[in-house]
Each structure stands twice: as C-alpha cells, then as structure tokens.
Amino acid sequence: LERDQIGKLKWMLHCTMGCQDTTFLTRKDELSLFKDRATDDDVLRSYIDSVDPKSNDPWMLHFLRVGQLAVILEDTLFVHGGLQDESAGFVPGRETSCETVQEWVEELNAWKARELRDFEQSPRWQVGADSKTTRGGAALIKYGTP
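Figured I'd write up the structure that's included with this text. (Residues numbered from 1 in each chain as written. Predicted model: local features only at pLDDT ≥ 70, side-chain atom pairs only at ≥ 80, totals over all residues. Heavy atoms only, no water.)

Further remarks concern the packing of helix H2 (residues 23–32) against helix H3 (residues 40–51). In the contact formed by H2 and H3, the axes pass within 9 Å of each other and the chain directions differ by 95 degrees. By the angle class used here, H2 and H3 are roughly perpendicular. Contact with H2, carried on its side by Thr 23, Phe 24, Arg 27, Lys 28 and Leu 31, involves Asp 40, Asp 42, Val 43, Ser 46 and Tyr 47 of H3 and no other residues of that element. Along the lines of polarity and charge, the residues of the contact of H2 with H3 split into four nonpolar, two polar and four charged. (Axes fitted to C-alpha atoms, helices over the stretch in contact; angles between N-to-C directions. Helix = DSSP H or I, 4+ residues; strand = E, 2+ residues; numbered from the N terminus. Parallel < 35°, antiparallel > 145°, perpendicular 65-115°, else oblique. Contact = heavy atoms within 4.5 Å. Nonpolar A, V, L, I, M, F, W, Y, C, P; charged D, E, K, R; others polar.)

This is the structure we're talking about:
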C-alpha cells in the first residue's frame, strides 16, 4: 500500500473495519454509476464527505446520530459484535459500572451522543497543549476500533 490517504483508507477498511478487499472497488463501482468513471480520489472523498459535518451530504454522520450502541427490545439486549463480561456495565469515562442493564444502555448511548457532538464540533486533527494530536469524538473512534 502507498503511504498516502488512499492507502490509509484501504488499510483501515481491511485491517480495522473487517471489510473485504473488494470494499474499496465496490464503492468505486457504485460511484461510477453517478458519472462515467470514478477515481480512487473520488472514493476517498466519498468516505470523508460521508462524515464531514460541512459536506453537502454527511449521510453516515446522520446514520450515526440515530444509531444506538445498545438497544433493549422487550427482554433482549442487542449490541453489535457481542458482549464480553468485562464490558457489561462499562461506559467510557465513567468511574463506576452501571447497576442495571437499562441504566448501562441509556448511559452508553448518551455517551455516544456526546462523543458524536464533540466530533461534529471538532472533526479535524489538532495538536493539543500536550503536543499530542486529537480530535473530537476520539474516545468513540477508539471504542469502535479493535
């Protein structure tokens, strides 16, 4: 892979998101349906625009706003990817575990909403006072990365 933004996107899709090697090319094919030919740069731009609060169509950002990390329907808990014992009741940034599953789900989804708002306010990488790079929503991104 090239050490550029396109190479980084391909690496992220394959190594951190569990996508198949075909995901990048499938997106390129999709984009070519809207115009005669799509480039690798078009694919990169489409991924960036999908979460950029200032883009014309931040569709993935809208999806993330309405999405939930956990949902209880009747007597069943739904989460993406499964639940490990040490994760139950844990909410990032909170000192104590939640007492009930209902409390945990509410707190976890509230935390996700705060992180997403933080990302929308500060989506670009910045160098902080401690010389480390950070951006809004960093804890949510870390939470969702294996």
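Next up on the list: the pattern of salt bridges. Within this structure, the stated rule accounts for eight salt bridges. Taking the shortest distance from any N to any O, the salt bridge between Asp 42 and Lys 35 comes out at 3.0 Å. On the accessibility criterion, Lys 35 (41% relative accessible area) is partly exposed. Note that Glu 107 and Arg 94 form a salt bridge whose closest N and O atoms lie 3.8 Å from each other. Residue Glu 107 is found in helix H5 (residues 101–121), and its partner Arg 94 is found in the loop between strand S2 (76–79) and H5; the two are separated by 13 residues along the sequence. For Arg 94, a relative accessible area of 25% gives the class partly exposed. (Salt bridge = Lys/Arg side-chain N within 4 Å of Asp/Glu carboxyl O. Buried < 20%, exposed > 50% of the residue type's maximum accessible area, 1.4 Å probe, protein only.)

Everything listed here is a matter of geometry and, on its own, says nothing about what the molecule does.
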